[in-house]
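Report on the structure
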Amino acid sequence: KDVRDAKTPAQLTIRQKFAAAVLFYRTYANLLFITLRQHLANQSAYNLFMKLNSPGSFNSDGSLIYDNLKIAKGNMGGTELTAATASEATGIITLSWDGDAIPVGGAASDKLYALVANVTSGTFRTYENVAVRSGDTVGIPVPDDTGEGDTLKVYYTFVSDVTDAVSDSVISTVTVAA
């Protein structure tokens, strides 16, 4: 077998994963440009996204491996949620965190950015600048086509409004209640 053969099954699989990552980045570029701004001087947000997510965040058929996706790589640590709930009745996802637990490089005024994936329906929704770190809690609308029992993956990060600091992205899984 010739390693230069561009049509081997392995090469085709890598190309499919790469294409899926490119499409994902293009679809959510506005959010990712902000959350991946802590890239190297000679590296774009796109290149950092590809480094973090291709090929490990996509299956060979191009589908997303939800638990592997990263929407930010920063210079301050991530902030874990203390609670995450979602309700079909209210149409709201409630996220809570310890607003007093500010990591090195962070500030109380850091802004929350999020991407929510409905694993059940395959829909996504982005949220930009929806809360400040010191606020402890935020309620954000669920993605379209969300119903009771659906599984949501909430990817979030805090972004400084003062410096170029960004926290590492964190993921939380939520099941939608009635």
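Below is a short write-up of the structure.

Reading guide: rules and limits
- Residues numbered from 1 in each chain as written.
- Predicted model: local features only at pLDDT ≥ 70, side-chain atom pairs only at ≥ 80, totals over all residues.
- Heavy atoms only, no water.
- Buried < 20%, exposed > 50% of the residue type's maximum accessible area, 1.4 Å probe, protein only.
- Helix = DSSP H or I, 4+ residues; strand = E, 2+ residues; numbered from the N terminus.
- Contact = heavy atoms within 4.5 Å.
- Pairing = 2+ DSSP bridges.
- Axes fitted to C-alpha atoms, helices over the stretch in contact; angles between N-to-C directions.
- Phe/Tyr/Trp six-rings, centres within 6.5 Å; stacked < 30°, edge-to-face > 60°.
- Expected span 1.5 Å × (residues − 1).
- Parallel < 35°, antiparallel > 145°, perpendicular 65-115°, else oblique.
- Left-handed = near helix turned anticlockwise from the far one by under 90°.
- Nonpolar A, V, L, I, M, F, W, Y, C, P; charged D, E, K, R; others polar.

Remarks on helix 3 (residues 45-53)
Those residues of helix 3 that sit buried are Ala45, Leu48, Phe49, Met50 and Asn53. Each element contacted by the buried residues of helix 3 is listed here: helix 1 (9-27) and helix 2 (29-35).

Quick look at the sheet that holds strand 4 (residues 123-127)
Pairing within the open sheet is mixed, and its 7 strands lie in the order 4-3-6-7-1-2-5. In this open sheet, the two edge strands, each paired with only one partner strand, are strand 4 and strand 5 (137-141). Adjacent strand axes in the sheet meet at a mean angle of 20° when their direction is disregarded.

Focus: the packing of aromatic side chains
Scanning all chains against the criterion turns up 9 aromatic pairs. For the ring pair Phe24 and Tyr28, a centre distance of 5.0 Å and an interplane angle of 50° mean the geometry is tilted. Take Phe24 and Tyr28: they sit in the same class, and that class is buried. For the ring pair Tyr28 and Phe124, a centre distance of 5.6 Å and an interplane angle of 50° mean the geometry is tilted. Residue Tyr28 is found in the loop between helix 1 and helix 2, and its partner Phe124 is found in strand 4; the two are separated by 96 residues along the sequence. Note on Tyr28: relative accessible area 15%, which makes it buried. Through a chain of ring-to-ring contacts, three or more aromatic side chains come together here, namely Phe24, Tyr25, Tyr28, Tyr46, Phe49, Phe58, Tyr66 and Phe124.

Some details on helix 1
For helix 1, which comprises 19 residues, the first-to-last C-alpha distance of 27 Å matches the rise-based estimate of 27 Å (1.5 Å per residue) to within 8%. All of the buried residues along helix 1 are Lys17, Ala20, Ala21, Val22, Phe24 and Tyr25. Those residues of helix 1 hidden inside the fold are in contact with helix 2, helix 3, strand 3 (111-118) and strand 4.

Considerations on the pairing of strand 2 (residues 92-97)
Taken together, the 6 bridges between strand 1 (residues 81-87) and strand 2 define a ladder with antiparallel strand orientation. Paired with Thr85 across the bridge in strand 2 is Thr94. Counting the residues that bridge the hairpin from strand 1 to strand 2 gives 4 residues, and of these Gly91 lies at a positive phi of roughly 70°.

Things to note about the pairing of strand 3
Of all 8 residues that make up strand 3, 8 are buried, and the element is covered over most of its length. Burial of the side chains of strand 3 extends over both faces: Lys111, Tyr113, Leu115 and Ala117 are buried on one face and Leu112, Ala114, Val116 and Asn118 on the other. Taken together, the 8 bridges between strand 3 and strand 6 (residues 151-159) define a ladder with antiparallel strand orientation. Bridge pairing links Lys111 to Val159 in strand 6.

Side note on the packing of helix 1 against helix 3
It is at 10 Å that the axes of helix 1 and helix 3 come closest, and there the two elements cross at 135°. With respect to their mutual orientation, helix 1 and helix 3 come out oblique. The chirality of how helix 1 crosses helix 3 is right-handed. Counting all contacts with helix 1, which are made through Phe18, Ala21, Val22, Phe24 and Tyr25, the residues of helix 3 involved are Ala45, Tyr46, Phe49 and Met50. Class assignment for the residues of the contact of helix 1 with helix 3 results in 9 nonpolar, no polar and no charged.

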